[in-house]
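Residue strings, one per chain:
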Amino acid sequence: MCRVWVHLVSIVLLWWWIAIAEAEYIKYKDPKQPLKVRITDLMSRMTLEEKIGQMVQIDRIVATPEIMKNYSIGSVLSGGGSTPLPEASAADWVNMVNMFQKGSLSTRLGIPMIYGIDAVHGHNNVYNATIFPHNIGLRATGDPELVRRIGAATALEVRATGIPYIFAPCIAVCRDPRWGRCYESYSEDHKIVEEMTDIILGLQGEVPAGSRKAVPYVGGKNKVAACAKHFVGDGGTTKGINENNTVIDMHGLLSIHMPAYADSIFKGVSTIMVSYSSWNGIKMHANHYLVTRFLKETLKFKGFVISDWEGIDRITSPPHSNYSYSVQAGIQAGIDMVMVPFNYIEFIDDLTYMVKHKIIPMERIDDAVGRILLVKFTMGLFENPLADLSLVNELGKQEHRDLAREAVRKSLVLLKNGKNANDPLLPLPKKTSKILVAGTHADNLGYQCGGWTINWQGFNGNNYTSGTTILGAITSTVDPSTKVVYRENPDGDFVKSNNFAFAIVVVGEYPYAESIGDSVSLTMVDPGTNVISNVCKAVKCVVVIISGRPVVIEPYMSLIDALVAAWLPGTEGQGLTDVLFGDYGFSGKLSRTWFKNVDQLPMNVGDSHYDPLFPFGFGLTTKTVVARSTSAGVGGRPHLFTIMAMVFISLYLGITLD
């Protein structure tokens, strides 16, 4: 009996010693261990329930610390407009993210969650953030280095709110401007889109020399994990209908829509989001060949693949009509993390059942979880899971607003300048008697920012974030003696009777996002064309179009003296006046073809029926003219003639100039 007792004591002591040793040293918590060792060690400790939890992304609306803990949730997101508070500060965001993170850290294994958000033209959901031009405008700059700097600034502002992961960049190749997401695309030309993937290097950081290429990389606490989207062919759908079918052979898919993904993977992109659209009738969220065999196996993508918002639900029509099938099809296609975003219990239950009944193999779950953990380890989330307030002053700081202003002025495309080449209207003088500013978009910050700003569909007015409207920029740019008159929709008699020196008409599209923006007519919103007619018949006018794509303008070209495509410039309206008034010259070039009429669509450079109003790559230039008046104006210099006259008079009179 004594021997038995001694044996039991020995077992207990051995168990106690092992427990102490494990508590003192756990491989996956050791940052000195190789990445593969950490992942293998952690996964060996995880239950099926913990693994499936890692594959779930829920919206903050349904998240609580208890849910994060009880279901081992791997990720939380803010959908468009999903914020902790109206006009939430950076500190409010940090506190919310940390609250959810503490729930995750309280789990048995302490696996941190990853918080994601759409930051597609700056940190666009957040009050007071810098809003940069949308991608269609960024490519018009022709400056990948500028785009890289914008990526770095965006990363800082996102990190300022405690968020380490963004759903950007969109690397779609928009082949039809009727698509409601065309402004999220850099160009109709895949080579141009490939160049713009340099934004990933700004967002995530440069992969260090000597490090492996084509593996996820995030360079520290000032950078974020990026997400290339939407895989693949989202910009090539029939008639530009959002989430529709892209009908193209494999050669066309690989040559037009795939190259930017290969570039993104080479540059270390951490995640890739699958498209709602179909390829030749097969939903991308259920396309095993393209997601697993091509993206993961042929292109060797090592990060994780994430669904779009309720993306697996939309595998069936109507959505969610056979959810268990959707779960099976999506996971077997190769999706690693599912943006549920609300219905997490049903997803977890269905996936757990399928794995336990061997409908979905455990190897598929391990592949998904291994990829998710790889990104989390690479980002340093295990070492630094909680955000702090050290970066809160990065949000909307002046340096970033100056960068956005630079991007605006470089993105502007001058399509017409004068009724003839010998009589240009631009640049405009800062000093004159009286000018008219007109149009629906002249004094509307929401309109000039476009969709995906504060709310999913954008906003109307000037009260939802901070920035400079185009009217505000004009008022602050012209000479104090120049009278600025603003009328949103003036009639012709008013214009004729006021003896304006010239007019600036700012018109375009309402903000929109995704399917809401699909358009068969591509017309400006009313009363845009009436404003052009009433104003430009009576006075010399420059028309500025605020839009996410080319719109119908040919019928009005004869009335217009100067025409500027300003795209969706964002919060820094002074970038427009920098160029209109000659402090900088126009330099932007069209990143997509401007059609004559919608019956020509789709029409892209190289097509046999190519007959545009303005061709791909078009853009007039102007020279910098700092001042064109008898006064320096704002930011100007005195004319050389004026200086010489003053010198001559002073010499004649014997006066010394200060």
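These numbers come from a predicted model, not from an experiment. (Residues numbered from 1 in each chain as written. Predicted model: local features only at pLDDT ≥ 70, side-chain atom pairs only at ≥ 80, totals over all residues. Heavy atoms only, no water.)

Trainee: Could you give an account of the packing of helix α13 (residues 323–333) against helix α14 (residues 344–356), naming the residues involved and the relevant values?
Mentor: Where α13 contacts α14, the two axes come as close as 10 Å, and the packing angle between them is 65 degrees. On the basis of their axis angle, the class for α13 and α14 is roughly perpendicular. The handedness of the crossing between α13 and α14 comes out as right-handed. Where α13 abuts α14, its residues Tyr323, Ser324, Val327, Gln328 and Ile331 lie against Glu346, Phe347, Asp350, Leu351 and Met354. Here the residues of the contact of α13 with α14 are counted per class, giving six nonpolar, two polar and two charged. (Axes fitted to C-alpha atoms, helices over the stretch in contact; angles between N-to-C directions. Helix = DSSP H or I, 4+ residues; strand = E, 2+ residues; numbered from the N terminus. Parallel < 35°, antiparallel > 145°, perpendicular 65-115°, else oblique. Left-handed = near helix turned anticlockwise from the far one by under 90°. Contact = heavy atoms within 4.5 Å. Nonpolar A, V, L, I, M, F, W, Y, C, P; charged D, E, K, R; others polar.)

Trainee: A description of the side chain of His400 should follow, citing residues and the corresponding values.
Mentor: Its location among the elements puts His400 in helix α16 (residues 398–411). Only 2.8 Å separates the side chain of His400 from the side chain of Glu157, close enough to count as a polar contact. When neighbours within four sequence positions are excluded, His400 is seen to be in contact with Thr130, Phe132, Ala153, Leu156, Glu157 and Glu394. (Polar contact = N/O pair within 3.5 Å; in protein donor to acceptor, adjacent residues only side chain to side chain.)

Trainee: Report on the sheet that holds strand β5 (residues 227–231), specifying residues and quantitative values.
Mentor: Reading across from one edge, β5-β7-β10 is the order of the three strands in this open sheet, with parallel pairing throughout. Edge positions in the sheet fall to β5 and β10 (304–306), since each of these pairs with one other strand and no more. Ignoring strand direction, the axes of neighbouring strands in this sheet form an average angle of 25 degrees. As judged from the four bridges shared by β5 and strand β7 (residues 271–274), these two strands associate in the parallel manner. Counterpart to Cys227 in the pairing with β7 is Thr271. (Pairing = 2+ DSSP bridges.)

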